[in-house]
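Chain by chain, the residues:
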Amino acid sequence: MRITRTTSARTVLTAAVALGTAGSLLLAVPGPAGADDDAVTRADTEGPALDSTLAKSPASSARRAFAEPLPDLSDPSRGYPREQRLAPDPVDPGDKSLKLGLTPYHALAPKLNALQRLGDRVSVEVAGRSAGGRRLYLVTVTAPETARQAREQTRMRELIENAPAVAAKDPRVKASYKTPVFFNNNIHGNEWEGTDASLRLVERLATADDTATRDLLAHSRLYFNITANPDGRIAGTRANASGFDLNRDLVTASQPEARAMRQIMVDKQPAVLLDLHGYVNGTLIEPTTPPHGENYEYDLFLKHTYANALGMEAAVNGLGHTPAEDGVEPAQIPFRDQEEGWDDWPPIFTPQYAAFHGAVAAHTVEIPLQVNNSAYDTLPQAELRRRSAINVDVAGAALTATLDYVRDKRRTLVADQIEVFRRGAAGAAQVPVSEETVPGVPGIGPEDVYTTTFPRAYVIAAGDAQRSATAAARLVGHLLDNDVRVGRADHSFRLSGRWYAKGSYVVDMRQPKRGLANVLLADGRDISAKVSAMYDISGWSLGRLWGASVGPVRGLPSVPLRPVREAARVAYVAPRGDLRLRLDDPREVAALNSLLSQGVRVRQAADGSVLVPGSARRQAVAVARAHDVAFTATRLTGGTGLTRVRVAAAVTSGELFALREMGFEVTPVSAGVLNAGFDWSGVDVLFVSAGLAYDDLNPAARQALGRFLDGHGLVGRGAVGAEFNAGAGLLPVKPVEGNGDANGVVRVVNAGGRITAGAPEHSFVYAPLWFTDLGHGVRVEQSYATGRPLVSGHWRALPDGSGGPGAAAGRASVISGPHAVLFGTEPLFRDHPKGEFAQVGRALFTLATR
C-alpha cells in the first residue's frame, strides 16, 4: 500500500503548468487528497518517450562521438589536489544560460580556475569532450591526500569490488576509506540549475572551516560532473549536439558524454549519486514507484535512497517557499506518494545505472519551477530569473542534505556497497523487500517485490555460421567497458547440451557486478500485466538485440578460462581467392561502404553477403583492420553489383547517427528542404521515419519526388514511413498501428533474401506496426512470431481489444517491393539494437541497386 498525499501530484502539476504558461503567481488552492492515478509521471514532465523529432545534427558530431577518447582519471600515482589551469573558451553571447542569470558555459573554466585557487581542497580534471567538442569538467572536493594516501584509497576501492568479503572485515576500510559521492548536473541541457548549485557548494566547501565540513572532507571524496551536457546547456536543448537524450544512453553509451559518465562511475565507484533535473512542482525526489529493476540489490538501495530522500524533502521544504508566495509546492517522493508512473525499471537513467556500480543511494531530483521550453520563450526575463534563483536554492538544499546523510551514514553506506558486491561474487540470493527487510520504509507491498534468478554464467559464442564474430567481439568489448568480467576459453567445450568453439567467451555470474551483467545480457521480462503503462523502454536485451550468439548456462565449462582485458581482434582476410564479407553487423556495413568509397567493385549474393574480388585484397586488409571484420574465401560468383549509396533522410537522431555509424553519406531533409527545390541527383535512396508528411509537399516537390522514386526507392519506418509510402503510391498495403505505448524485444521470423537473411530472430519495437492486405508485388521479409511475440517489455492491447501482441502475431513486420521497403519495427532505435542495423543497410543497398 502507498501512503497518499493530502494534495494530488496531478493538481501540483496542473498548477505548475498554469504558472509556466501565464507567468502568474496566483495558483489554484490545492484540493483534497487525489487518487494515485493522478500522480505526476515521466510522460507528464518529460514529454513523449518515443522520439519523433526530425534529426538535423551535423556529421561532425557523429564523427566526434565515434572517435572521442576518454582520459585516464584513475591514475593512482597522483594525490589531491590535482590542479590545472584551464584555458578559457570563447565568449558566447548566445548561451541560453545567460537569460536565466545562470553561469554560461564559457564562464566555467575561469570559475573553476578561481575555485582551485581558494585552497587545497578543489581539483579539476577534464573527463572527456562532448559530441560538440566541449570539455566535460570533473571537480573533486576532498581533504588533501599525498600520493601514498591516494594509492591507499585506490587499493581499498579495488578491495571493495574485487574481494568484498575481505573488505567487509578490513578495519582500515572502516576507519579510513573515503566515501565516494557523485553529483551529476545538467544531463538535460535545458535543465540548468544543478550546475550553479554545485558551483556554489564547491565554493563553500573550498573554504569552510567548521567541524562538520572538515569531518566530511576527511572521510569523503565528492565528485561533481559540472555539466554533463554542455552542448545542450548552450543551445537550451534537452539533447546534446548529436540530438541524443543522454539520460537514455547509459546502456548503449553511444555518446561521448555517456561514456564519460560511465567511466566516472567505474573509476570512482560512488556509493551515493544525485542526478539534478527539472522541472516537477513540487520537487520530485526518488526512490520511484514500481516496477523496480529486478537486477538490483533493491533492499540495500531502497534503505538508503528512501532515508536520504526524507532528508532532502525536509531540506527543500525547510527553505520556506510556499505555493501562495512563490509558486512552489511541497516536495514529493514517488515511492511514498504514487502508485505507478515514475519507475526505475530500465537502467538507461543515470541513478538506476549507477546502482549496478555500487551506488546504494541514488536519486533523480526534479527541481520545481519550469524555465525551459515554452516558459523560456514566453515568460518575462525577471520571472525566469526569479524561478531560476529558487531552483538553485532547491538544488542546493538537496545537495547539502545529501552531504549530511553521507557524513552521518558513511560507514553504513560503504558497508552496504560492499554487501552488494559480496552478494554478486558469492552468488548469494537477492533479498526481497519487505517492512522486515527494509525497516523504516513504510508502505512496502508485494507490488514492490522484483527479483530475478541469475544463471550460473552466459556464453558468448566466438562466431559461427549463424552469428558474426564481429558482433561477439563488439558485445564483449561493451561488457568490459561496463566493468563486467569476461573470460575466454582457449579450447572448445560442451556445456548445457551444446558445443562451443575455441575462443568463445564466458561471463561467470559470480562476480561483483552480476546485476549489471544480467541486466545487459538477460532476455528481460514481460511486465505488461504488472503496470498499466510504461513511459520508456521496458526491454533492451543485448543478448537478443546485438547480433551475437548469447545463452545462459547452468554451469561453467570444464576448460580453463582466461580473463580478458579486451575482445580478441576479428580482423582477417583470406590469403587467396575471392573474398566474402558477411553483412550482419554495422561494422561490416561500414566496411562495405569504405570499399565502395574507394571504387572497389563488389557484388551482393542472394543471401545478402558481399563478394569482393581477390584483386582488392590490399584494400580489404586495410578495411578489415579499421573495422575489425573478417573476409573469408569464397567460390561464389554472380550477384548484384553494388555502388556507393547516398541517403536523403527524414529520420530521428538515433537513426541518423546509426546511418552514419554504418558509413552512409546522409543528407537530412524536411518538407521545407524538399519544397525549396531539392536536388535529387545527389542521392540514391530516401529514408523517411520522422517529421516528413507527403501532404506537406507542394506540387513541384511532389513531382520531383515522383521522378526520383520512379528510378530509385523509399525506405520507410513506422507510421510516418508507412503514411509517406501511401501518399507516394508505392506499396499497396494496409499499415496497422499497435498500442503507441508498447515497446520491447519481440520474436520475429525472417524470410531470407537480401534484406533479412541471417538476421537475428528478435527485434525491437516501440509503437509497433504491422502490415495487412498486401497487394501485388509485395514481399514479406519478416513477420512477428506466432503466439505471443513479446519476449520482454510492455505491450498491452488497447481498451477496445485492438493493438496488442496477439493482433500482431504472424503479421508482416518488414515488407518490400520494387520501389520501397517498410519497417514496422525499430531496427535503429537510439543507436541501440546493433544486430538489426544491417537490415536497414541491406534495404538501402537493395533499393539503390535494383
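Up top is the structure.
Residues numbered from 1 in each chain as written. Predicted model: local features only at pLDDT ≥ 70, side-chain atom pairs only at ≥ 80, totals over all residues. Heavy atoms only, no water.

**Let's talk about the overall build of the protein chain**
Next, step 1: Across its full length, the protein chain carries 29 helices and 34 strands.
Next, step 2: In terms of overall dimensions, the protein chain is globule-like: its C-alpha atoms have a radius of gyration of 27 Å, near the 29 Å expected for 850 residues.
Next, step 3: Overall size of the protein chain, expressed as C-alpha extent along the three principal axes, is 80 × 65 × 55 Å.
Next, step 4: Relative to its full complement of 850 residues, the protein chain shows a buried share of 61%.
Next, step 5: Sequence-distant contacts in the protein chain: of pairs separated by 6 or more residues, those separated by 24 or more amount to 80%.
Next, step 6: Surface accessibility of the protein chain: about 29,600 Å² in total, with carbon and sulfur atoms responsible for 52%.
Next, step 7: Each charge class in the protein chain can be summarised by its mean position, and for the 92 positive and 91 negative side chains these summaries are 8 Å apart. (Helix = DSSP H or I, 4+ residues; strand = E, 2+ residues; numbered from the N terminus. Rg over C-alpha atoms; globule rule 2.2 N^0.38 Å. Buried < 20%, exposed > 50% of the residue type's maximum accessible area, 1.4 Å probe, protein only. Contact = heavy atoms within 4.5 Å. Areas by Shrake-Rupley, 256 points an atom, 1.4 Å probe, with all protein chains shown as cover. Lys, Arg positive; Asp, Glu negative; His and termini not counted. Charge placed at Lys NZ, Arg CZ, Asp CG, Glu CD.)

**Topic: the nonpolar core**
Next, step 1: Counting 150 residues, the largest nonpolar core has F224, I460 and V507 as its most contacted members.
Next, step 2: When residues in this core are grouped by element, the largest group, 17 residues, is from helix α17 (residues 381-426).
Next, step 3: Apart from residues no more than four positions distant in its own chain, I460 is found in contact with A472, L475, V476, L479, S504, Y505, V507, A548, S549 and V550. (Core = buried A, V, L, I, M, F, W, Y, C linked by side-chain atoms within 4.5 Å.)

**Some details on the sheet that holds strand β16 (residues 561-563)**
Next, step 1: Taking strand neighbours across the sheet as the criterion, the 5 strands line up as β15-β10-β14-β11-β16 in an open arrangement whose pairing is antiparallel. The sheet terminates laterally at β15 (550-553) and β16, the two strands that pair on one side only. The sheet shows a mean angle of 30 degrees between the axes of neighbouring strands, taken without regard to direction.
Next, step 2: Of the pairings in the sheet, the one linking strand β10 (residues 457-460) to strand β14 (residues 505-508) comprises 4 bridges and is antiparallel in character. Across the sheet, residue Y458 finds its bridge partner in β14, namely V507.
Next, step 3: In the packing of helix α18 (residues 469-481) onto the sheet, contacts are made with β10, β14 and β15, and the angle to β10 comes to roughly 140 degrees. (Pairing = 2+ DSSP bridges. Axes fitted to C-alpha atoms, helices over the stretch in contact; angles between N-to-C directions.)

**Regarding unusual backbone geometry**
Next, step 1: Between Y80 and the following residue, P81, the backbone shows a cis peptide bond with an omega angle of 10 degrees.
Next, step 2: As for its position among the elements, P81 is in the loop between α3 (59-67) and α4 (108-116).
Next, step 3: The residue after P290, namely P291, is reached through a cis peptide bond having omega 0 degrees.
Next, step 4: With respect to the element layout, P291 can be found in strand β7 (residues 289-292).
Next, step 5: Look at N373: it is not a glycine, yet its phi comes out positive at around 55 degrees.
Next, step 6: Counting through the fold element by element, N373 comes out in helix α16 (residues 373-378).
Next, step 7: For S496, which is not glycine, the phi torsion reads 50 degrees and is therefore positive.
Next, step 8: Looking at where S496 falls in the secondary structure, it is placed in the loop between β12 (493-495) and β13 (498-500).

**Here's the deal with the packing of helix α8 (residues 193-207) against α17**
Next, step 1: At a minimum axis separation of 8 Å, α8 and α17 run at an interaxial angle of 55 degrees. By the angle class used here, α8 and α17 are oblique. Considering only the axes of α8 and α17, their crossing is right-handed. Where α8 approaches α17, its residues E193, D196, A197, S198, R200, L201, R204 and L205 are matched on the opposing element by S388, N391, V392, D393, A395, G396, L399, T400 and L403.
Next, step 2: Grouping the constituent residues of the contact of α8 with α17 by class yields 7 nonpolar, 5 polar and 5 charged. (Parallel < 35°, antiparallel > 145°, perpendicular 65-115°, else oblique. Left-handed = near helix turned anticlockwise from the far one by under 90°. Nonpolar A, V, L, I, M, F, W, Y, C, P; charged D, E, K, R; others polar.)

**Thoughts on the pairing of strand β23 (residues 646-650)**
Next, step 1: Of all 5 residues in β23, 4 are buried, a share of seventy percent or more.
Next, step 2: Strand direction decides the pairing type here: β23 and strand β24 (residues 665-668), joined by 4 bridges, are parallel. Counterpart to R646 in the pairing with β24 is E665.
Next, step 3: Here 4 bridges tie β23 to strand β25 (residues 685-688), and the two strands are oriented parallel to one another. From the neighbouring strand, A650 faces β25, where its bridge partner is V688.

**Points about the pattern of salt bridges**
Next, step 1: The final tally for this structure, using the stated rule, is 53 salt bridges.
Next, step 2: E152 is the salt-bridge partner of R155, the closest N and O atoms lying 3.3 Å from each other. A residue pair is termed a helical-turn pair when its members lie 3 or 4 positions apart in one helix, as R155 and E152 do in helix α5 (residues 147-162) at 3 residues.
Next, step 3: Owing to a relative accessible area of 28%, R155 belongs among the partly exposed residues under this scheme.
Next, step 4: Its relative accessible area of 24% is what places E152 among the partly exposed residues.
Next, step 5: R423 is the salt-bridge partner of E297, the closest N and O atoms lying 3.0 Å from each other. One end of the pair, E297, is in the loop between β7 and α12 (298-317); the other, R423, is in helix α17, with 126 residues separating them in the sequence. Judged on exposure class, the residue E297 and its partner R423 are both buried. (Salt bridge = Lys/Arg side-chain N within 4 Å of Asp/Glu carboxyl O.)

**Quick word on empty space enclosed by the protein**
Next, step 1: For the coordinates displayed, the defined rule picks out 8 cavities of 30 Å³ or more.
Next, step 2: Considered as a void within the structure, the largest cavity measures approximately 170 Å³ in volume.
Next, step 3: T154, R157, R221, Y223 and D267 are, among the 17 residues lining the largest cavity, the residues nearest its centre.
Next, step 4: Elements with a minimum of two residues in the lining of the largest cavity: α5, β4 (220-225) and α11 (256-268).
Next, step 5: Sort the elements by how many residues they give to the lining of the largest cavity and α5 lands first, with 4 residues.
Next, step 6: Residue composition of the lining of the largest cavity, grouped by class: 7 nonpolar, 3 polar and 7 charged.
Next, step 7: Considered as a void within the structure, the second largest cavity measures approximately 140 Å³ in volume.
Next, step 8: Considering the residues around the second largest cavity, the lining is formed by 17 residues, among which Y296, E297, A355, F356 and V420 are closest to the centre.
Next, step 9: When residues of the lining of the second largest cavity are traced back to their parent elements, those giving at least two are α12, α17 and α19 (514-521).
Next, step 10: If you tally residues by element for the lining of the second largest cavity, the top one is α19, at 3 residues.
Next, step 11: Of the residues assigned to the lining of the second largest cavity, the class counts are 10 nonpolar, 4 polar and 3 charged. (1 Å grid on protein atoms, 1.4 Å probe; cavity = no way out; pocket = protein on both sides within 12 Å on 5 of 7 lines; lining within 4 Å. Points joined across faces, edges and corners; volume = space filled by probe spheres on them.)

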